[in-house]
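Here's the letter readout for the chains.
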Amino acid sequence: MTIAGVIAEYDPFHNGHLHHLRETRYLTDCEGLVVCLGGSFTQRGEPAMLSKWTRARMALLCGADAVFELPAPFAVRTADFFARGGVGVLAGLHCDILSFGCETADLKLLETLAELRDREPEALSSLVRARLDAGMSHARARGEAVAEYLGLPAEELNAPNMALAVEYLRCLRGTETRPLVIPRVGGYHDAALAPICSATAVRKALAGGADVSMAVPPECLPLLPEKPRLPLDAVFLYRLRQGGLSLPDAGEGLDGLLTRAARECGSLKEVIERVKSRRYTRARIVRAMAHAAAGLTKEVAAACPRPAYARLLGLRAGAEDVLRELSRRAALPIVSDATRLRGDPCFEAEQRFTDLWALGAPESADRRAGQEFTRPFVRVEA
């Protein structure tokens, strides 16, 4: 049995995601298709629009056989940790293929970029330093330097999904899981709604009360939110003002800068503008604030170097044979009962992120803590 895996957030699920799942089925002729899904907070450090259980249901309704969780200590991190977590789960399940979308389908180019990440020649390092000295951010400096080193247009290498694709390839080394690159359709951050567009465009349209039926599969439309989420600014500000932060990806004084800015500012937007610089990007700041609010410290992150389990969030009826095959071949324990994970540091971090996420629910009944144990397992009929 051939089993393909996908790493995703689905915030929310849209036609581009449907295209990816269908292309994966078509190109691999796989008997099983599983998703490793980010949880309550996204990789960019913001609360997901929908619960992970709702997004798991969307995936199962649109072609996935099973959905596993990408644990928060990896899901709400930089691209290298995000990839380490997703590949760790799927390779730990011994999936045959990892299918991912990218702006290029040139696997040889992506492998070259992965090699340069691991072993950077001095000539490339020199190009990076020259740009850093000119005042560029590290991401932009390295992107432009690599482009010059390879003789390629910078915009080709700086596409949003290139960095993640490279990290996937780095993490796949030493595993039996093969990569499959599927060219992305549409722009990652395009703001215009279209039949195939970005999740950014769908979220923006929903926030403005627009009809998104052209961009979202009909099975998913009833699951979209009817009311906007409540902001969590006050919760974040309160935690930052307490100080004593020990954040996993902060470093270089960012912990202290965030605390000082939070004490002097009245909104998260002000904090971000106060701290943002070529060294501290907006994404890095927002992730750090999410880590602080959810208690993801350096110590917790260090206790979770690799995924130690594969938590099953949902299953499509009729896919029991896929689950049996995964159970037979998996190197990780497959867990669907959350009570079995009590005391695990990775799952305890997951609980904190989910409890924090719940505070933004529009309805008071949905703001209760402990939803990791009260939300039902997602089962979708064939």
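As the structure is a computational prediction, the values presented were derived from the model and not from experiment. (Residues numbered from 1 in each chain as written. Predicted model: local features only at pLDDT ≥ 70, side-chain atom pairs only at ≥ 80, totals over all residues. Heavy atoms only, no water.)

Draft legend 1. Region of the structure containing the overall build of the protein. Looking only at helices and strands, the protein features 18 helices and eight strands. In summary, the protein has a C-alpha radius of gyration of 20 Å against a globular reference of 21 Å for 382 residues, a match within 12%. Seen through its C-alpha atoms, the protein measures out along the principal axes to roughly 60 × 50 × 45 Å. Among the 382 residues that make up the protein, the fraction classed as buried is 52%. Considering only residue pairs separated by 6 or more positions, the protein has 74% of its internal contacts joining residues 24 or more positions apart. Total accessible area on the protein is roughly 16,800 Å²; 51% of this is exposed by carbon and sulfur atoms. (Helix = DSSP H or I, 4+ residues; strand = E, 2+ residues; numbered from the N terminus. Rg over C-alpha atoms; globule rule 2.2 N^0.38 Å. Buried < 20%, exposed > 50% of the residue type's maximum accessible area, 1.4 Å probe, protein only. Contact = heavy atoms within 4.5 Å. Areas by Shrake-Rupley, 256 points an atom, 1.4 Å probe, with all protein chains shown as cover.)

Draft legend 2. Looking closely at helix H14 (residues 282–294). Its 13 residues give H14 an end-to-end C-alpha distance of 18 Å, which sits within 8% of 18 Å, the value for a rise of 1.5 Å per residue. Burial runs high along H14: 10 of the 13 residues are buried. The secondary structure elements touched by the buried residues of H14 are helix H11 (233–242), helix H12 (254–264), helix H13 (268–275) and helix H17 (345–358). Among the residues trailing H14, glycine 295 stands out with phi positive, at a value near 70°. (Expected span 1.5 Å × (residues − 1).)

Draft legend 3. The packing of H11 against H14, seen in detail. With their axes 9 Å apart at the nearest point, H11 and H14 run at an angle of 80° to one another. Relative to H14, the element H11 is oriented roughly perpendicular. Seen from H11, the contacting residues are Phe236, Arg239 and Leu240; seen from H14, they are Met289, Ala290, Ala292 and Ala293. Counted by class, the contact of H11 with H14 contains six nonpolar, no polar and one charged residues. (Axes fitted to C-alpha atoms, helices over the stretch in contact; angles between N-to-C directions. Parallel < 35°, antiparallel > 145°, perpendicular 65-115°, else oblique. Nonpolar A, V, L, I, M, F, W, Y, C, P; charged D, E, K, R; others polar.)

Draft legend 4. The arrangement of the nonpolar core in detail. Counting residues in hydrophobic clusters, the biggest one holds 94 residues, and the most contacted among them are Phe68, Leu110, Leu258 and Met289. Sorting elements by how many residues they give to this core places helix H9 (residues 162–172) first, with eight residues. Among the nonpolar cores identified, the runner-up in size contains 36 residues, and Leu21, Cys30, Met58 and Leu60 belong to it. (Core = buried A, V, L, I, M, F, W, Y, C linked by side-chain atoms within 4.5 Å.)

Draft legend 5. Summary view of the pairing of strand S6 (residues 310–316). Within S6, six of the seven residues are buried, which leaves it mostly tucked inside the rest of the structure. Note: strand S3 (residues 66–70) against S6, three bridges, orientation antiparallel. Looking across to S6, one finds that phenylalanine 68 is bridged to leucine 312. Of the strand pairs in this sheet, S6 and strand S7 (residues 334–335) are connected by two bridges, and their pairing is parallel. Following the sheet pairing, alanine 310 is matched in S7 by isoleucine 334. Taking the sense of rotation as the criterion, the β-α-β connection linking S6, helix H16 (residues 320–329) and S7 turns out right-handed. By the bridge criterion, three bridges tie S6 to strand S8 (residues 378–380) in an arrangement that is parallel. Across the sheet, arginine 316 pairs through a bridge with valine 380, a residue of S8. (Pairing = 2+ DSSP bridges. Right-handed = clockwise from strand over helix to strand, strands pointing away.)

Draft legend 6. Spotlight on unusual backbone geometry. The peptide bond linking aspartate 11 to proline 12 adopts the cis configuration, its omega dihedral lying at -5°. Even without glycine at this site, aspartate 29 takes up a positive phi of about 55°.

Draft legend 7. Quick peek at the pattern of salt bridges. Scanning the model with the defined rule gives 30 salt bridges in all. One salt bridge in this structure joins arginine 282 and glutamate 46, with 3.4 Å as the shortest N-O distance. Residue arginine 282 is located in helix H14, and its partner glutamate 46 is located in the loop between strand S2 (32–38) and helix H2 (52–61); the two are separated by 236 residues in the primary sequence. In this structure, glutamate 273 engages lysine 276 in a salt bridge whose closest nitrogen and oxygen atoms are separated by 3.4 Å. Looking at glutamate 273, the relative accessible area reads 48%, which means it is partly exposed. Look at lysine 276 and you get partly exposed, because its relative accessible area is 38%. (Salt bridge = Lys/Arg side-chain N within 4 Å of Asp/Glu carboxyl O.)

Draft legend 8. The environment of serine 125, seen in detail. Summarising the element assignment, serine 125 is placed in helix H6 (residues 122–133). It is 8.2 Å that separates the C-alpha atoms of serine 125 and alanine 145, two residues lying 20 residues apart in sequence.

Draft legend 9. Structural detail: the state of the cysteines. Following the criterion strictly, the structure yields zero disulfides and no others. With no disulfide of its own, cysteine 30 lies 9.8 Å from the sulfur of cysteine 95, the closest cysteine sulfur. The exposure class assigned to cysteine 30 is buried, which follows from its relative accessible area of 8%. A disulfide-free cysteine, cysteine 197 has its sulfur positioned 13 Å from the sulfur of cysteine 220, the nearest such atom. Exposure remark for cysteine 197: the relative accessible area of 5% places this residue in the buried category. (Disulfide = S-S within 2.5 Å.)

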